[in-house]
Each structure stands twice: as C-alpha cells, then as structure tokens.
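Chains, contacts and geometry: an overview
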Amino acid sequence: MSRRIKLRLENIDSDGPSWKMLEGILFVQMRLHALVEGALAVHQLGLAHHRAMWFIAKCPGITVGELTTILRVSGQALTKTLGQLIERGLVKQTSDAKDRRVRRLYLTKKGEPIFLETLGQLFECMEHAAVVCGGNAVQDFLAVTDVLMDDHDKALVRPRPEKAVRGL
C-alpha cells in the first residue's frame, strides 16, 4: 500500500465501493463493540478489558510485555486495565519460574465465563452472517481481512505452533 491517494471531499463518491466498504467496517465495528459492551457493562468492564482478556484467553501464560506488543499499547496504558482485571479476580498474574521479573497472565475460573459470554455473542453474530451469505463469503471475507492486516496482526491470527506468539 505504498500508493497515496489524494482526496478532496467534493470528489469522493460516497456510493462507490471503497466508501461502502469503509462505511460497512465502521458500522460492523460499532455493532460488534455494542454486543461486547452490553455484556461487559454488567461487570463494569469495557472494550480495553475485553481486548486484554481476548489475548490472555488465546495465549494462556502470555507475558505482560507480549500483551503490550500485541495490543500496541504501553505498559503504563495497560496497567490500569490489568490491575482492574486482577483486582476483580478475572485474571491471575504469576511470576515466571525462570525469571521472577516476568509476569504471566491467565484467565481465572471467574474470568472465563465472562469472556466466553462476550465471545459467544460475537460467534453467534459471525456465524449468522456466514450462514446468510453462504457460498465463498467467509473465504472471501478472510481474504479481504488478510490483505488489510499487517504482518504483526497476521502472525496473531494464523494457525501457529504452541507458544509462537512469544517474542512478537
């Protein structure tokens, strides 16, 4: 994506495919966020908590440093979110057996059902869309998202050997 497009507001075709795709992404993002926020509001949690829980669930034992890399946030930015999750007993933090300075994160038995509730709603939404669209829609959607993601993100969603997330 090295080509830069110079746009002027008056020249944008708001009925064109690029506009419609971007607008679709915005509306889908708002809908998915609303599903998650609704489920988490009961627990006084938000999207930042969900994002952290997502990768802690996907990569049990992930380090705080790895999580900051994945989420592209500073350790300082993640401190409040993780602190709240740990304080509420939703995430457990342990010291690494080899290096006591390294902190590893796990969802707890109390955190798992909260995360799974939000994940279940997201899965239902995506599976409904896949059934309605049928055919190659899922493969085509995955092809588009694959092109839009950078290598950092692709490394996180592709099947990989156990613990390959380490060192990202």
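Here, the structure is the one placed above.
Residues numbered from 1 in each chain as written. Predicted model: local features only at pLDDT ≥ 70, side-chain atom pairs only at ≥ 80, totals over all residues. Heavy atoms only, no water.

**Brief notes about unusual backbone geometry**
Positive phi, close to 55 degrees, is recorded for Gln-44, a residue that is not glycine. Even without a glycine there, the phi angle at Arg-72 is positive, about 60 degrees. Note on placement: Arg-72 falls in the loop between helix H3 (64–71) and helix H4 (75–87). (Helix = DSSP H or I, 4+ residues; strand = E, 2+ residues; numbered from the N terminus.)

**Some words on the sheet that holds strand S3 (residues 103–107)**
The strand order across the open sheet built from three strands is S1-S3-S2, with neighbouring strands paired in antiparallel fashion. The two strands at the open ends of the sheet, each matched to only one other strand, are strand S1 (62–63) and strand S2 (91–95). Relative to S3, S2 is paired through five bridges, and the arrangement is antiparallel. Residue Lys-92 lies in a different strand from S3, and its bridge partner there is Tyr-106. (Pairing = 2+ DSSP bridges.)

**With respect to the nonpolar core**
Counting residues in each nonpolar core, the largest one holds 26 residues, and the members touching the most others are Ile-56, Ile-62, Leu-67, Leu-82, Leu-85 and Leu-105. Listed by contribution, the elements that provide at least two residues to this core are helix H1 (17–41), helix H2 (47–58), H3, H4, S3 and helix H5 (111–133). Looking at this core, the element that brings in the most residues is H2, giving five residues. Those residues in contact with Leu-67 that lie beyond four places of it in its chain are Ala-52, Phe-55, Ile-56, Ile-62, Leu-78, Leu-82 and Leu-105. (Core = buried A, V, L, I, M, F, W, Y, C linked by side-chain atoms within 4.5 Å. Buried < 20%, exposed > 50% of the residue type's maximum accessible area, 1.4 Å probe, protein only. Contact = heavy atoms within 4.5 Å.)

**Regarding the pattern of salt bridges**
Under the counting rule described, the total for this entry stands at four salt bridges. The salt bridge involving Arg-72 is made with Asp-150; its shortest N-O contact spans 2.7 Å. Taken together, the residues Arg-72 in the loop between H3 and H4 and Asp-150 in the loop between helix H6 (137–148) and helix H7 (151–157) connect sequence positions 78 residues apart. Judged by its relative accessible area of 49%, Arg-72 is partly exposed. One salt bridge connects Arg-101 with Asp-99, and the closest N-O pair in it is separated by 3.0 Å. Three or more residues are tied together by salt bridges with common partners; here these are Arg-72, Asp-150 and Asp-153. (Salt bridge = Lys/Arg side-chain N within 4 Å of Asp/Glu carboxyl O.)

**A closer look at a nonpolar patch on the surface**
On the surface, a nonpolar cluster with roughly 370 Å² of combined accessible area is contributed by Leu-22, Ile-25, Val-144 and Leu-148. Residue position: Val-144 is located in helix H6. The partly exposed category is assigned to Val-144, whose relative accessible area is 42%. (Patch = residues over 30% accessible without salt bridge, like charges linked within 9 Å, V, L, I, M, F, W, Y side chains within 5 Å. Areas by Shrake-Rupley, 256 points an atom, 1.4 Å probe, with all protein chains shown as cover.)

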